[in-house]
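Residues per chain, in single letters:
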Amino acid sequence: MTDKKFSTKNLHLDRLSKPEHGALHKPIHTSVAFGYENARDLAAVFQGTKNGYAYSRQLNPTISALQNKITKMEEGIATLAFSTGMAAIAATMLSLLRAGDNIIASSFLFANTRSFLSTLEGLGITVTLVDPTESKNIEAAITPDTTIIFVETIANPVTQVADLAGIGAVCLKHNILYCVDNTLTTPCLFLPKTVNASLVINSLTKSIGGHGNALGGTVTDTGLYDWSLFKNIKSSGNHSEMSQWGITQIRKKGLRDMGATLSPESGHRLSIGSETLSLRLERACNNAMSFALFCNKHPLVTQTFYPGLKNHPQHIRATELFNSFGTLVSINLNDKIDCFEVLNNMKTVIASTNLGDNRTLGIPVAHTIFYELDSKQRESMGIKDSMLRFAIGIEDEQDLLDDLNQALEQARGMAND
Ligand SMILES: *Cc1c(COP(=O)(O)O)cnc(C)c1O
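Read on for an overview of the structure. (Residues numbered from 1 in each chain as written. Predicted model: local features only at pLDDT ≥ 70, side-chain atom pairs only at ≥ 80, totals over all residues. Heavy atoms only, no water.)

## Thoughts on the sheet that holds strand β12 (residues 388-391)
Item 1. Read across the open sheet, the 5 strands follow the order β8-β9-β12-β11-β10; overall the sheet is mixed. Unpaired on one side and paired on the other, β8 (301-305) and β10 (350-351) mark the two borders of the sheet.
Item 2. Pairing between strand β9 (residues 328-333) and β12: 4 bridges, direction antiparallel. From the neighbouring strand, Ser330 faces β12, where its bridge partner is Arg389. (Pairing = 2+ DSSP bridges. Helix = DSSP H or I, 4+ residues; strand = E, 2+ residues; numbered from the N terminus.)

## Observations concerning the site of the ligand
Item 1. Taken together, Thr84, Gly85, Met86, Ile89, Phe110, Asp181, Thr183, Leu184, Ser203, Thr205, Lys206 and Gly216 are the residues near the ligand.
Item 2. No other element matches the 3 residues that helix α4 (residues 85-96) contributes to the shell around the ligand. (Near = heavy atom within 4 Å.)

## Some thoughts on a nonpolar patch on the surface
Item 1. On the surface, Leu94, Leu123 and Met258 cluster together to form a nonpolar patch covering roughly 260 Å² of accessible area.
Item 2. Its place among the elements puts Leu94 in helix α4. (Patch = residues over 30% accessible without salt bridge, like charges linked within 9 Å, V, L, I, M, F, W, Y side chains within 5 Å. Areas by Shrake-Rupley, 256 points an atom, 1.4 Å probe, with all protein chains shown as cover. Salt bridge = Lys/Arg side-chain N within 4 Å of Asp/Glu carboxyl O.)

## Thoughts on the nonpolar core
Item 1. In this structure, Leu164, Tyr178, Phe291, Leu333, Val342 and Phe390 are the most contacted members of the largest nonpolar core, which totals 52 residues.
Item 2. Per-element tally for this core: the top contributor is helix α15 (residues 397-416), with 6 residues.
Item 3. With 34 residues, the next largest nonpolar core counts Leu97, Phe116, Leu199 and Ile233 among its residues. (Core = buried A, V, L, I, M, F, W, Y, C linked by side-chain atoms within 4.5 Å. Buried < 20%, exposed > 50% of the residue type's maximum accessible area, 1.4 Å probe, protein only.)

## Points about helix α7 (residues 164-174)
Item 1. Looking only at α7, the buried set comprises Leu164, Gly166, Ile167, Gly168, Val170 and Cys171.
Item 2. The inward-facing, buried residues of α7 abut α6 (135-141), β4 (146-152), β5 (177-181) and α12 (315-321).
Item 3. Of the residues one or two after α7, Asn175 is the one with positive phi, at around 55°. (Contact = heavy atoms within 4.5 Å.)

Here you go:
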């Protein structure tokens, strides 16, 4: 599924960065501060003229090893880690946007990102939400104030695939910063850099960490953007090269000043989890494909959303862009079937939010993630009251199919009673 380089690189990165005593893992450094024999060196680290650690809110050796891993995975030039994916998104936006700016984003955004954009509106930033499956919608929305275009690779829960390459070309033409949230695909399935993304967001909480035991998020600079043309960049007093201006500003404003730092313990868990990313995804994506094919044929399922299905509106695009189709499968059930019953009947699948866990999780979306919207708004997003979203894990494939089958049969029985 992925080239050999991805897994190999990923597994050997810590060792090649020469940790103490030849340790194969970068150890968990819990020290908040770092001491210097020569105080001038401490000053040089503060001033950015010398590499080193001063205070762990900004940089810590365990976190720096994780950042390097993500940079290598995304084939970028620099990465900053944060306590959660949302912290990475918020810090990036708050560092780079000013009142009066406009952001164009996908109308199918992850619900919390969408909610955060409404917070930005309160700060005088205008937000335009458009259907990103056609880049012409994005281009038509551009104004002289448009500063960032923000999209996700595969939308959650209806799995629309953005016109990632088309939008990249639009951003290049208009010199707009292109920020792609790669969480649903991860660098194992898709490299946003290949479609001209300037910044890449990953929630490490999901597939990269993979075990549902630590929160974390990153922003990676792909090195493609000419920061000297970005109107909100502060380059004076900036010792770094122009390529580092963006990440330096996010580090200073978004990480140092806002302080949503990733803890070394969580960083270590995420780093260990990331070692098996390609293995886990290969299994989970295969499971998701079988699960989606099963749903697609089942008489009680009226609609199945999965980019791997031939009847998915962006199936060809997904085939061209991604190494596989991800782990998210959503279904709409026949009106007579109660989605709560189906989920309650399931024995392997757990009723839970989150995705990218090793375990398969299911959630009735209309009643949870989108309960604050009215049913008309939900319908416009393709979300029926009967929708179930499954985040497929790495169980044995047949067990998942059997579990759904018996849950649906039992629910059918109840509907007929
Ligand atoms: C979960 C998620 C986030 C937020 O990540 P957290 O680590 O939970 O804060 C952002 N974007 C997408 C697409 C996600 O699925």
